[in-house]
Amino acid sequence: MLVRPRRNRLNAQIRGLVREATLSPHHLILPMFVQDGEGKRTPITSMPGQARLSIDMLVETAQQAFALGVPGVALFPALTDELKDSRGAESTNSVGLLPRAVRALKAAVPDLLVITDVALDPYSSDGHDGVLVNGHIDNDVTVPILAEMAVAQARAGADIVAPSDMMDGRVAAIRTALDASGFTNVGICSYCVKYASAFYGPFREALDSAPRGGDKKTYQMDPANMREALREVRLDEAEGADWLMVKPGLPYADVIRQVRDLTALPVATYQVSGEYAMLKAAGQNGWLDYDYALLETLLCLRRAGADIIFTYAAIEAAKLLG
Ligand code: PBG
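A brief structural summary. (Residues numbered from 1 in each chain as written. Predicted model: local features only at pLDDT ≥ 70, side-chain atom pairs only at ≥ 80, totals over all residues. Heavy atoms only, no water.)

### Considerations on the overall build of the protein chain
Working step 1: Along the protein chain, the regular secondary structure elements total 11 helices and 12 strands.
Working step 2: Its C-alpha atoms give the protein chain a radius of gyration of 20 Å, within 12% of the compact-globule value 20 Å for 322 residues.
Working step 3: When its C-alpha atoms are laid out on the principal axes, the protein chain stretches across 70 × 45 × 40 Å.
Working step 4: Per-residue burial for the protein chain yields a buried fraction of 55% across its 322 residues.
Working step 5: Pairs at least 24 apart in sequence give 74% of the contacts found in the protein chain among residues at least 6 apart.
Working step 6: When the accessible area of the protein chain is evaluated, it comes to approximately 14300 Å², of which 52% is carbon and sulfur surface. (Helix = DSSP H or I, 4+ residues; strand = E, 2+ residues; numbered from the N terminus. Rg over C-alpha atoms; globule rule 2.2 N^0.38 Å. Buried < 20%, exposed > 50% of the residue type's maximum accessible area, 1.4 Å probe, protein only. Contact = heavy atoms within 4.5 Å. Areas by Shrake-Rupley, 256 points an atom, 1.4 Å probe, with all protein chains shown as cover.)

Rendered as structure tokens:
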């Protein structure tokens, strides 16, 4: 007798019953870039369909995402050079661009989850996630600034703060600072396993945040390493993270799986700017079916073990899944 696995693929009904992984808009978070001004939408060349948005346009887009079933957005501020300095002072300004954007979003869509990025790079004249001291990123000078930034974001109404900086000990410092300020219900999504990746290129165009010197390899992880990822997971869990993120997404699906198997915490992943750009470029050239490829990559991230997926294509995906 021939064993026939194809019987379980015979028609859509059977395939639906035996499908293992699922994908729905409620698994997605939409990352967005905010800029100052009004009625402004500045397209990002390397990310077709994405733009830096002024707060009014940001609110409109977030409303659209929420109406389609996307529960939250992740915000990144695009600041002009005058607001950047070596210590990222603007990052703790409670009436700065990012806190104003958070307040506007929460006023317009109170149930929308607003996730804010905790790292210095959008605010740093050096384009680094930490403070540069004598040519090195100084961990212990940076961490208190990150904690203060997180408190400023929580005060503006952020639901979840997301440290993406990869400094050691920052999750514990942020948790302590949030609790001391009364923000015991503000969660921490730790960019726990973040690799030094070429796939962040388009994002750095969007924020004009590329390192002005050197690279990020003394804080972001070596793409070769898996055991180190598991070590980071244990630490961030112990420090009080609520979600753990693996970033980028698809090239690191094996890491997502191992993190999923190690921790009981929710696991997030980020389909980063370069992954989005590759799909868009190939789709625009007619080299692959963009819609199908997009949903396939997102489903693969779910199958790999991601509970939550940050993707610039959240609105497109939600429409396709609709
Ligand atoms: C930096 C940060 C980066 C991204 C999110 N936060 C870039 C970097 O580390 O240089 C990348 C996201 C993307 O590429 O979509 N704190």
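### Focus on the site of the ligand
Working step 1: Taken together, 17 residues form the shell around the ligand, and within it Arg204, Lys216, Lys247, Ser273 and Tyr312 come nearest.
Working step 2: Take Arg204: an N or O atom from its side chain is 2.7 Å from an oxygen atom of the ligand.
Working step 3: In this structure, Lys247 approaches the ligand through a side-chain N or O atom, which is 3.4 Å from a nitrogen atom.
Working step 4: If the ligand stood free it would expose 400 Å²; the protein chains cover 100% of that surface.
Working step 5: Of the residues belonging to the shell around the ligand, the class tally is eight nonpolar, three polar and six charged. (Near = heavy atom within 4 Å. Polar contact = N/O pair within 3.5 Å; in protein donor to acceptor, adjacent residues only side chain to side chain. Nonpolar A, V, L, I, M, F, W, Y, C, P; charged D, E, K, R; others polar.)

### So, the environment of Tyr292
Working step 1: Looking at where Tyr292 falls in the secondary structure, it is placed in helix H10 (residues 290-304).
Working step 2: The exposure class of Tyr292 is exposed, given its relative accessible area of 59%.
Working step 3: In this structure the C-alpha to C-alpha distance between Tyr292 and Leu320, which are 28 residues apart in sequence, comes to 9.3 Å.

### Thoughts on the environment of Leu288
Working step 1: Of note, Leu288 is situated in the loop between helix H9 (273-284) and H10.
Working step 2: Its relative accessible area of 36% is what places Leu288 among the partly exposed residues.
Working step 3: Residue contacts for Leu288: discarding those within four places in its chain leaves Leu279, Ala282, Gly283 and Ala293.

### Quick look at a positive patch on the surface
Working step 1: There is a patch of like positive charges on the surface, built from Arg4, Arg6, Arg7 and Arg9.
Working step 2: With respect to the helices, strands and loops of the structure, Arg7 is situated in the segment before helix H1 (12-18). (Patch = residues over 30% accessible without salt bridge, like charges linked within 9 Å, V, L, I, M, F, W, Y side chains within 5 Å. Salt bridge = Lys/Arg side-chain N within 4 Å of Asp/Glu carboxyl O. Lys, Arg positive; Asp, Glu negative; His and termini not counted. Charge placed at Lys NZ, Arg CZ, Asp CG, Glu CD.)

### As for the packing of aromatic side chains
Think of a pair of aromatic rings as described by two things: how far the centres are apart, and how the planes are tilted against each other in angle.
Working step 1: Under the criterion given, the structure shown has nine aromatic pairs.
Working step 2: Three or more aromatic residues joined by ring pairs form one cluster here, namely Phe33, Phe76, Tyr191, Phe203, Tyr270, Tyr276, Phe310 and Tyr312.
Working step 3: Lys194 extends its terminal NZ or CZ atom over the ring of Tyr200, reaching a point 5.4 Å from the ring centre.
Working step 4: Sitting over the ring of Tyr270, Lys247 keeps its end group 4.9 Å from the ring centre. (Phe/Tyr/Trp six-rings, centres within 6.5 Å; stacked < 30°, edge-to-face > 60°. Lys NZ or Arg CZ within 6 Å of the ring centre and 35° of its normal.)

### Thoughts on the packing of H9 against H10
Working step 1: In contact at an axis separation of 9 Å, H9 and H10 are set at 155° when each is read in the N-to-C sense. The pairing of H9 with H10 is recorded here as roughly antiparallel in orientation. Of the two possible hands of crossing, H9 and H10 adopt the one that is right-handed. Counted together, Tyr276, Leu279, Lys280 and Gly283 of H9 and Tyr290, Ala293, Leu294 and Thr297 of H10 form the full contact between these two elements.
Working step 2: Grouping the amino acids of the contact of H9 with H10 by side-chain chemistry returns five nonpolar, two polar and one charged. (Axes fitted to C-alpha atoms, helices over the stretch in contact; angles between N-to-C directions. Parallel < 35°, antiparallel > 145°, perpendicular 65-115°, else oblique. Left-handed = near helix turned anticlockwise from the far one by under 90°.)

### Things to note about unusual backbone geometry
Working step 1: Residue Pro248 is reached from Lys247 by a cis peptide bond, and omega for that bond is -10°.
Working step 2: Locating Pro248 in the fold gives a position in the loop between strand S10 (243-247) and helix H8 (253-262).
Working step 3: The phi angle at Asn134 is positive, at roughly 50°, despite the residue not being glycine.
Working step 4: Within the secondary structure, Asn134 is located in the loop between strand S6 (131-133) and strand S7 (136-138).
Working step 5: Overall, the relative accessible area of 75% leaves Asn134 in the exposed class.
Working step 6: Despite not being glycine, Asp208 has its phi angle at roughly 50°, a positive value.
Working step 7: Since its relative accessible area comes to 41%, Asp208 is described here as partly exposed.

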